Amino acid sequence: MIIKKYTESQQLKAMKLLLNRLPMKHPLYSKLGMEIQTTMAGDYGEEMVYRELERMHLPYNYYLFHKIMIRTEKLFEIDYILLTPFGAIVLEVKNIIGELEFQVNPSQLVQTKDNGEIKKYPCPVNQLNEYIYLLSNFFSHNNLSIPVFGAIVFTSKNSYVKTTTNETTILYKKDLYSFLRKLQNKPSTLTNSKLSQIKNLILKYNSPYDFFPLTKHYYIEPSDLILGVACEKCGQVGMNKVKNFWYCAGCQYVDKYALQKSLQQYFLLYDDFITNKTCREFLQLRTRYEANRLLRKANLIKIGNNKSTKYKWKT
């Protein structure tokens, strides 16, 4: 049973919004653009694994979770967890193309693309082992003794693992079903009621890391951002108000709710709190009345009164 479905990360959506509001000459513009591409590739790989898992009819009861983040000794996030009668399975997903070589001393994954470009990544084996340890630690802290297994899953058809390792299970996406079906050969240690108890425990302690506002996460000065109402269709900032609508000169898109959508961007990118003044500055509104009407209609938490009033986004 799928408990937590695959979803595109909110962080990725916000990163794209931030890039649209950064001047191209900003020192972090290129770096953020490359980080977006890497994050998009990772998200796509996780989606491909989800589609594979979604189609499976395993011969035992199980619970599937995408993107679980738990704090024990430290905060850690796992791509996929499967709870089965035979234990918990951690899947670490990698969407990397080219020839791949696992190296030790130092531990790293070396990628060689078709054009000869070489890139080095942190060793996925070490990452997986760390997640297995931390998840086991989480279970122990909650007085649960549960076997925890894991596998690294490569999703791209254009990847070739030249040099592997015997330290962990390494799979291609197409091998997932066979790997999970073979778990039946292990001792069954968890009853259905116990699985349900562990499922609820994971959901209780799942606490996604708050990356927002991204200007703080990336150490960007809020004053560096391009101000104004953003077009949802093309991303261009600086829509013009025409009667009760907002018009984008770049792509001719018309949006009745562009102002409200851009207000949400404020909390994703700019700051934790908003005032009438910062609302006018960020959205380039002409009057206090216009900003006040927008803030009152938005579903925000109001703090203070009169000139000291500020608002916080409801999470």
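So, how was this worked out
- Residues numbered from 1 in each chain as written.
- Predicted model: local features only at pLDDT ≥ 70, side-chain atom pairs only at ≥ 80, totals over all residues.
- Heavy atoms only, no water.
- 1 Å grid on protein atoms, 1.4 Å probe; cavity = no way out; pocket = protein on both sides within 12 Å on 5 of 7 lines; lining within 4 Å.
- Points joined across faces, edges and corners; volume = space filled by probe spheres on them.
- Helix = DSSP H or I, 4+ residues; strand = E, 2+ residues; numbered from the N terminus.
- Nonpolar A, V, L, I, M, F, W, Y, C, P; charged D, E, K, R; others polar.
- Pairing = 2+ DSSP bridges.
- Axes fitted to C-alpha atoms, helices over the stretch in contact; angles between N-to-C directions.
- Parallel < 35°, antiparallel > 145°, perpendicular 65-115°, else oblique.
- Left-handed = near helix turned anticlockwise from the far one by under 90°.
- Contact = heavy atoms within 4.5 Å.
- Buried < 20%, exposed > 50% of the residue type's maximum accessible area, 1.4 Å probe, protein only.
- Polar contact = N/O pair within 3.5 Å; in protein donor to acceptor, adjacent residues only side chain to side chain.

Please clarify how the layout of surface pockets should be interpreted in this entry.
Empty space among the atoms can be located by rolling a probe the size of a water molecule over them. Of the volumes computed, that of the largest pocket is approximately 1500 Å³. As for the largest pocket, its lining consists of 44 residues, of which Thr 39, Asp 43, Glu 46, Lys 67 and Glu 77 are closest to the centre. Counting residues per element, the lining of the largest pocket draws most heavily on helix α2 (residues 29-55), which supplies eight residues. Looking at the lining of the largest pocket residue by residue, the class counts come to 15 nonpolar, 13 polar and 16 charged.

Please explain the sheet that holds strand β11 (residues 240-242) as it appears in this structure.
Through backbone hydrogen bonds, the strands of a sheet pair up, either in parallel or in antiparallel fashion. Reading across from one edge, β11-β12-β13 is the order of the three strands in this open sheet, with antiparallel pairing throughout. Of all strands in the sheet, those bounded by a partner on one side alone are β11 and β13 (254-255). Bridge count for β11 against strand β12 (residues 245-247) is three bridges, and the pairing is antiparallel. By the bridge assignment for β12, Val 242 is matched with Phe 245.

Looking at this structure, how should I read the packing of helix α1 (residues 10-20) against α2?
For any two helices packed against each other, one specifies the inter-axial angle together with the distance between the axes. One way to put it is that α1 packs onto α2 with a least axis distance of 10 Å and a crossing angle of 155°. In terms of their interaxial angle, α1 and α2 are classed as roughly antiparallel. Here α1 runs over α2; the crossing is left-handed. In contact with Leu 12, Met 15, Lys 16, Leu 18 and Leu 19 of α1, α2 contributes Tyr 29, Leu 32, Gly 33, Glu 35, Ile 36, Thr 39, Met 40 and Asp 43. Looking at the contact of α1 with α2 residue by residue, the class counts come to eight nonpolar, two polar and three charged.

Explain the sheet that holds strand β10 (residues 169-172) here, please?
Spatial ordering of the open sheet is given by β1-β2-β3-β4-β8-β10, a layout of six strands whose pairing is mixed. Strands at the two margins of the open sheet, each flanked by one partner only, are β1 (2-4) and β10. Along the sheet, successive strands turn relative to each other by an average axial angle of 35°, direction set aside. Along the sheet, α2 contacts β1, β2 (63-71), β3 (75-84), β4 (87-94) and β8 (148-154); its crossing angle with β3, the most-contacted strand, is approximately 15°. Contacting β1, β2 and β3, helix α5 (residues 192-205) crosses the sheet at an angle of about 45° to β2.

For this particular structure, what's the right way to read the side chain of Asn 206?
Counting through the fold element by element, Asn 206 comes out in the loop between α5 and α6 (214-217). Its relative accessible area of 17% is what places Asn 206 among the buried residues. Among the polar contacts made by the side chain of Asn 206, one reaches the main-chain amide nitrogen of Met 69 at a distance of 2.8 Å. If near-sequence neighbours (up to four positions away) are discounted, Asn 206 is found in contact with Lys 4, Lys 67, Ile 68 and Met 69.

I would appreciate a short explanation of the side chain of Lys 67 in the present structure.
With respect to the helices and strands, Lys 67 occurs in strand β2. One polar contact links Lys 67 to Glu 46, side chain to side chain, over a distance of 3.0 Å. If sequence neighbours within four positions are ignored, Lys 67 has contacts with Lys 4, Glu 46, Glu 77, Ile 78, Asp 79 and Asn 206.

Is there a simple way to explain the pairing of strand β5 (residues 98-103) in this structure?
When a strand is regular, its side chains alternate between the sheet's two faces. The pairing of β5 with strand β9 (residues 159-163) spans four bridges and is parallel. Its bridge partner lying in β9, Glu 101 is registered against Thr 163. Where β5 meets strand β6 (residues 108-112), five bridges bridge the pair, whose relative direction is antiparallel. The partner of Leu 100 across the bridge, within β6, is Gln 111. Adjacent in sequence and paired antiparallel, β5 and β6 are bridged by four residues, among which Asn 105 carries a positive phi angle near 50°.

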